[in-house]
Structure formats: structure tokens, C-alpha cells
Amino acid sequence: MHPVILITGATRGIGFAAATQLATRGAQVIIASRDGKRAADATAQIGSGVSSVALDITEQASVAAAAKQIEQQYGQLDVLANNSAILLDHYQSLLDLKPEVLLETLNTNVVGTLRVCQAFAPLLAKSHAPRIINVSSSAGQLDGEPQAWAPAYCISKTALNMLTQQLTAALPEVIVNSMCPGWCQTEMGGSDAPRTPDEGAETLTWLALEAPPELRGKFVKDLMVIPW
Ligand SMILES: NC(=O)c1ccc[n+]([C@@H]2O[C@H](COP(=O)([O-])OP(=O)(O)OC[C@H]3O[C@@H](n4cnc5c(N)ncnc54)[C@H](OP(=O)(O)O)[C@@H]3O)[C@@H](O)[C@H]2O)c1
């Protein structure tokens, strides 16, 4: 059985690289984008084993429609990869950060992710080995020295990590993980990043297909557990 894998925000960057890797490995990948045509174009680029869905994670109706489409098409979902995110405040200082920017960031990166998990939980429950992968960032870690970079984004990724822990408790049958792809050359990461999107996607692909179940509820980078 080829696992059915939904990747949000998968028309470019790390999501697209993961979609390509997973399709090559035989998975049935569903590429999601706010723009249905962009999703269809990305699907055509990869070729067989891929389909597309329009999905704006900030819109309840869009998420519900996507869940309905996937239920009709596949009847279940094996892996939900929550890859969509926004970074609006790269070099913004915390003291100048507009509350609206923090709210918009949390609305996509955290509330949007929760909305997708809620909508797809019934389809994941039909899988014999369901997984949720939340694409987070080491920028959300509480472990190291305090940092001043991108406060809204970092706060959102810390909150996303707590969402991973909450989902782990709420969904005992699902293997839930947070992961960090590392700093990658994407629209979000910029051209100075040391990693390719393909390298960043490797952990996502591994978590989707072969990571041991003992890693349930952990934060993972480069195929290893890292501190929250
Ligand atoms: N790049 C890095 O260095 C880096 C480092 C650590 C973590 N990450 C994380 O890795 C993930 C992918 O990042 P990336 O660098 O590949 O970013 P990217 O190229 O900017 O792609 C982000 C994707 O998010 C989607 N998106 C944004 N708002 C959305 C919404 N409301 N609904 C649905 N989709 C939405 C976009 O899809 P559409 O426009 O097609 O809808 C876009 O394809 C993110 O979670 C990011 O935080 C990245």
C-alpha cells in the first residue's frame, strides 16, 4: 500500500522538495497550495503519484473543502505534513513589532496548523499508521541563548512545538513530530542559506516513511532528536 501524504504549502521550497522525494519513493502525494492552479502546475512537474488540492490554512471553508475532496479521492490520510508557514518579521525588533504582525503570524503558523489537524483527524483515524509532521524550526527552541531575530516567527514556532505535544496527548494513535529542516535556500530562507531545499526535506521524508515509532512526540532535526 502506498501511503497517502498531504503536504501543505508544497508548490515550492521544502514542501515541493519533500513532495518530489516522497513521490519518487512511491507515496501518493497530495500537493496543497492556496492557489489551485499553482498546485496543479507543481503536480505536473513531478508527474505520476501526485495530485493537488487548493488549501488556505487560515480559511475554515477552504480546509473543510480540502478534507472533503481528499476523503472522496482517497478515503483516508496516512501522513499530514504541516509545512505551510509565513515569516513576516525577519529583522524586526521586538519592541517595534506590530501586534497585528504577531497575530497574522500566529494565525497562519499555529491556528492554521491546528485547524488542518482538526479537519483531517477523522481521515487520519482511518489509517493503520497515521502520522502528523509539523515543520517547525530550531528558531522556536527554548533551549539555547535568548535570540532577537524574527520575534513573531520564533514565538509562532515555539507555540507550534507545544501544539505538537498537545496533539501527541490528544491523538494516542497518531505519531506526531515537530521537525526542523535547517536553514535552506527557499523564498523564506533566502539565497545565503547553506542547505538546499532537498537537504531540508530529508528529515520530513524520513519521518513520513521510516522513522521509528519510538520518536513519537519528539522534535527532530537531521534524523536525530533535538531539545525543545
Ligand atoms: N527555509 C528555511 O530556512 C527554514 C528553516 C526552518 C524552518 N523552515 C520551515 O519550513 C517550512 C517550509 O518553509 P520554506 O522555506 O519552504 O518556505 P516558503 O518557500 O516560503 O514556502 C512556504 C509555503 O507556505 C505556504 N503558505 C503560506 N501561507 C499559507 C496559508 N495561509 N495557507 C496555506 N499555505 C500557506 C505557501 O504556499 P502557497 O503560497 O502556495 O499557498 C508556501 O508554499 C515552513 O514551515 C518554515 O517555517 C524553513
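Predicted model only: the values in this text are computed from it and were never measured. (Residues numbered from 1 in each chain as written. Predicted model: local features only at pLDDT ≥ 70, side-chain atom pairs only at ≥ 80, totals over all residues.)

Digging into the overall build of the protein
Here is step 1: Scanning the protein from terminus to terminus reveals six helices and eight strands.
Here is step 2: Computed over the C-alpha atoms, the radius of gyration of the protein is 16 Å, within 12% of the 17 Å expected from 2.2 N^0.38 for a compact globule of 228 residues.
Here is step 3: In terms of its C-alpha atoms, the protein occupies a principal-axis envelope of roughly 50 × 40 × 35 Å.
Here is step 4: Here the protein, with 228 residues, has 45% of them falling under the buried criterion.
Here is step 5: Long-range contacts, defined as pairs at least 24 residues apart, comprise 64% of the intrachain contacts of the protein with a sequence gap of at least 6. (Helix = DSSP H or I, 4+ residues; strand = E, 2+ residues; numbered from the N terminus. Rg over C-alpha atoms; globule rule 2.2 N^0.38 Å. Buried ≥ 20, exposed ≤ 12 C-beta atoms within 10 Å, placed from the backbone. Contact = placed C-beta atoms within 7 Å.)

Quick word on the site of the ligand
Here is step 1: The environment of the ligand is formed by 32 residues, the closest being Gly9, Gly13, Ala85, Thr186 and Gly189.
Here is step 2: Counting only elements with at least two residues in the shell around the ligand, the list comes to α1 (13-24) and α4 (99-124).
Here is step 3: In terms of residue count, the dominant contributor to the shell around the ligand is α1 (three residues).
Here is step 4: The residue inventory of the shell around the ligand, partitioned by class, reads twelve nonpolar, 14 polar and six charged. (Near = placed C-beta within 6 Å. Nonpolar A, V, L, I, M, F, W, Y, C, P; charged D, E, K, R; others polar.)

Observations regarding helix α2 (residues 36-46)
Here is step 1: Within the sequence span of α2, burial applies to Ala39, Ala42 and Thr43. For α2, the angular spread of buried residues about the axis comes to 105°, placing them on one side. Among the exposed residues of α2, those oriented more than 90 degrees off its buried face are Lys37, Ala44 and Gln45.
Here is step 2: The secondary structure elements touched by the buried residues of α2 are α1, β2 (28-33) and β3 (50-54).
Here is step 3: A positive phi of about 100° marks glycine 47, the residue just after α2. (Arc of directions from axis to C-beta.)

A short note on the environment of leucine 160
Here is step 1: Position of leucine 160 among the secondary structure elements: in helix α5 (residues 151-170).
Here is step 2: In the structure, leucine 160 is positioned 49 residues away from valine 111 in sequence and 8.9 Å away in space, judged by C-alpha atoms.
Here is step 3: Leucine 160 has contacts with Asn109, Val110, Thr113, Asn134, Ser136, Gly140 and Ser178, leaving out every residue within four places of it along the chain.

Some words on the pairing of strand β4 (residues 79-82)
The side chains of a regular strand alternate, first on one face of the sheet and then on the other.
Here is step 1: Side-chain alternation along β4 places Val79 and Ala81 on one buried face and Leu80 and Asn82 on a second face that is also buried.
Here is step 2: With three bridges connecting them, strand β1 (residues 4-7) and β4 associate as parallel partners. Its bridge partner being in β4, leucine 6 is matched across the sheet by leucine 80.
Here is step 3: Bridge count for β4 against strand β5 (residues 131-135) is four bridges, and the pairing is parallel. The residue of β5 that forms the bridge with leucine 80 is isoleucine 132.
Here is step 4: The handedness of the β4 to β5 crossover, carried by α4, is right-handed. (Pairing = 2+ DSSP bridges. Right-handed = clockwise from strand over helix to strand, strands pointing away.)

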